[in-house]
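Read off the chains here:
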Amino acid sequence: MNTWKKVALSSVSLIALASLAACGNSKDSGSSTSASSDAKDHKGSVTLWVDPANVASYKELVKDFNKEYPNIKVTVTQSPNGSANAKQDVSKDPAKAADVFKAPNDQLGAMAEAGYINPLSPSATDWVKSNDIQIAIDAVFWKGKLYAYPQDEQSNIVYYNKAKFSEAPKDWSDFTAEKPIGTDFTNSYNWYPVFLSNGTYLFGKDGETVDGTNANTEAGVQAMTWFAQQKSNPGVKQSGTALLSDLKSGKTAAVLDGPWDGATIKEILGDNFGATALPTADFGSGSKQMQAFSSVGTLAVNSQSKDPVAASALAQYLSNTESQLALYKANNAIPVSKEAQKDSEVAKDPVALAVIKQVENDTLMPKMPQMATFWNLAAPLIENAYKGKTPAAQYQAQLDNFVKSISSATE
């Protein structure tokens, strides 16, 4: 599962956005999304978009859903461009988009503002709050209401070859002392959190303050300097798309990666498989705990669904504890259900444990509409510093421009 391997998102023109927002709000914007109490007798037909690699596992879950909701026909298909581009796909024509679709939490604010999704009803809100951990609730919270059903959480962790380390290193300098750690400095999901680790904020402490980004400070300049230093660090390898093949060939002894590759890495390393939360690192002003972006995968209901009762029933069912555990076993999707995280298999899984531990140190991905601009600008900011294309004398100006751009963006 590679939901959080972020790709550049296309901007929507202001005119198009206004038009789509008006279309999305053609229904009562105050309406809510909820699984009706009598939905088990409801007759309907809905569509579901999920990531291509996960279609089979969702089809199996739909079979179980139909045991409880025999009169609701569900068609499961792959998202046009993957769930990482959910907003982009829905915005093309909300009326033709799936009734229920997988979406990362960082896109919920923009979709709510555009009218593509409605807030959950009070009963559905109560259900989410009773079912899921707090960070999952926070992930779907926007302007006082919940807008989607949480399903799973993700965070970068470190996988390592136990044959190369007597124990899991606790500091970045230890991880990079001998055989290199593989990573990808073109991926801002991986590396923007260095700014956060060093004490800056992205859209404020609450993640919802449009002018609350302060990466253009001394702490941000230190982060840029650290990126540049990694280019000459022999213990760091820019593996990029060769991340797993470099680990398999022995070119690297560890990788910074997420739970979506956990099963594959287990096959590569076998008995020498190790997984741990991110280490500490010195970015220029003393040792700091490395953060990652904590991200939550959700199921959202299309506000233009012709059958919101059936759609909400499906979304809630696919987000319950049993479904989360089934998706964990099938897709390595770390559950956010309180009960699912206590499951015996989850509790002994080093990947799940590392992710759950790392999330405690993380910053939740903001849901601001400006996140689309953020992803587009953060990647070259980091990559150019790493490659040395941005001279140190220009770090401050680059950061000033970055902060100004994401703070003034409308998308």
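Before reading further, recall that the structure is shown in the block above.
None of these values were measured; they are calculated from a predicted model.

## Digging into the nonpolar core
Thinking step 1. Counting residues in hydrophobic clusters, the biggest one holds 97 residues, and the most contacted among them are Leu-48, Trp-191, Tyr-192, Phe-195 and Phe-374.
Thinking step 2. Per-element tally for this core: the top contributor is helix H17 (residues 371-387), with 8 residues.
Thinking step 3. Residues in contact with Leu-48, not counting those within four places in the same chain, are Tyr-58, Val-74, Thr-75, Val-76, Thr-77, Ala-98, Val-100, Leu-299, Leu-314 and Leu-318.
Thinking step 4. Core analysis: the second largest hydrophobic core is formed by 27 residues, Ile-133, Leu-247, Ile-334 and Val-355 among them.

## Some remarks on the pairing of strand E7 (residues 157-161)
Thinking step 1. Taking burial as the measure, the 5 residues of E7 include 5 buried ones, the bulk of the element.
Thinking step 2. In E7, alternate side chains face the same way, and those of Ile-157, Tyr-159 and Asn-161 on one face and Val-158 and Tyr-160 on the other are all buried.
Thinking step 3. Taken together, the 4 bridges between E7 and strand E10 (residues 254-257) define a ladder with antiparallel strand orientation. Residue pairing in the sheet places Ile-157 in a bridge with Asp-257 of E10.
Thinking step 4. Where E7 meets strand E11 (residues 273-276), 4 bridges bridge the pair, whose relative direction is antiparallel. Pairing of Tyr-159 across the sheet is with Ala-275, part of E11.

## Things to note about the packing of aromatic side chains
For any two aromatic rings, the description comes down to two numbers: the centre-to-centre distance and the angle of the planes.
Thinking step 1. Per the stated rule, a full pass over the model turns up 26 aromatic pairs.
Thinking step 2. Between the aromatic rings of Phe-185 and Trp-191, the centroid separation amounts to 4.7 Å while the plane-to-plane angle is 15°, which identifies the pairing as stacked. No difference in accessibility class separates Phe-185 from Trp-191, as the two residues are buried.

## Quick word on the side chain of Asp-89
Thinking step 1. Relative to the elements of secondary structure, Asp-89 occurs in helix H3 (residues 86-92).
Thinking step 2. Asp-89 gets classed as buried once you look at its relative accessible area, which sits at 5%.
Thinking step 3. Side-chain polar atoms of Asp-89 contact the side chain of Asn-81, separated by 2.7 Å.
Thinking step 4. Once residues within four sequence positions are removed from consideration, Asp-89 is found in contact with Trp-49, Ser-79, Pro-80, Asn-81 and Gly-82.

## Overview of the packing of helix H10 (residues 218-231) against H17
For any two helices packed against each other, the geometry comes down to the angle between their axes and how far apart the axes lie.
Thinking step 1. Interhelical geometry of H10 versus H17 gives an angle of 50° and a closest axis separation of 6 Å. Considered as vectors, H10 and H17 are oriented oblique to each other. The hand of the H10/H17 crossing is right-handed. Touching Met-224, Phe-227, Ala-228, Gln-230 and Lys-231 of H10 are Leu-381, Ile-382, Ala-385 and Tyr-386, all from H17.
Thinking step 2. Taken together, the residues of the contact of H10 with H17 sort by class into 7 nonpolar, 1 polar and 1 charged.

The rules behind each value
- Counting starts from 1 at the beginning of each chain's written sequence and moves along it residue by residue.
- Residues qualify for local features only when their pLDDT is at least 70, as the model is predicted, and side-chain atom pairs are given and counted only at 80 or more; totals for whole chains, interfaces and linings, by contrast, use all residues.
- Here the side-chain values reflect all heavy atoms present in the structure, with hydrogen atoms and water set aside.
- Residues grouped as a nonpolar core are buried Ala, Val, Leu, Ile, Met, Phe, Trp, Tyr and Cys residues, joined through side-chain atoms within 4.5 Å.
- For the exposure calls, accessible area comes from a 1.4 Å probe over protein chains only, and a residue counts as buried if that area is under 20% of its type's maximum, exposed if over 50%, partly exposed in between.
- Numbering goes from the N terminus for both helices and strands, where a helix is a DSSP run of H or I of at least four residues and a strand is a run of E of at least two.
- Note on contacts: a residue pair qualifies if any of its non-hydrogen atoms lie within 4.5 Å across the two residues.
- Note on pairing: two strands pair once DSSP finds at least 2 bridges between them.
- In summary, the pairing rule links any two rings of Phe, Tyr or Trp, Trp by its six-membered ring, whose centres are within 6.5 Å, and it sorts them by plane angle into stacked for under 30 degrees, edge-to-face for over 60 and tilted for everything else.
- Polar contact is defined as a pair of N or O atoms within 3.5 Å, subject to the rule that within protein one atom must be able to donate a hydrogen and the other to accept it, and that residues adjacent in sequence are counted only when both atoms are side-chain atoms.
- Interaxial angle, 0 to 180 degrees, is taken between N-to-C directions of lines fitted to C-alpha atoms, where a helix line uses only the stretch in contact.
- Our angle categories are set so that under 35 degrees counts as roughly parallel, over 145 as roughly antiparallel, 65 to 115 as roughly perpendicular, and the remainder as oblique.
- Take the far helix as your reference; a near helix turned counterclockwise from it by less than a right angle gives a left-handed crossing, and one turned clockwise gives a right-handed crossing.
- Residues are grouped as follows: Ala, Val, Leu, Ile, Met, Phe, Trp, Tyr, Cys and Pro are nonpolar; Asp, Glu, Lys and Arg are charged; every other residue, Gly included, is polar.

By themselves these figures say nothing about function.
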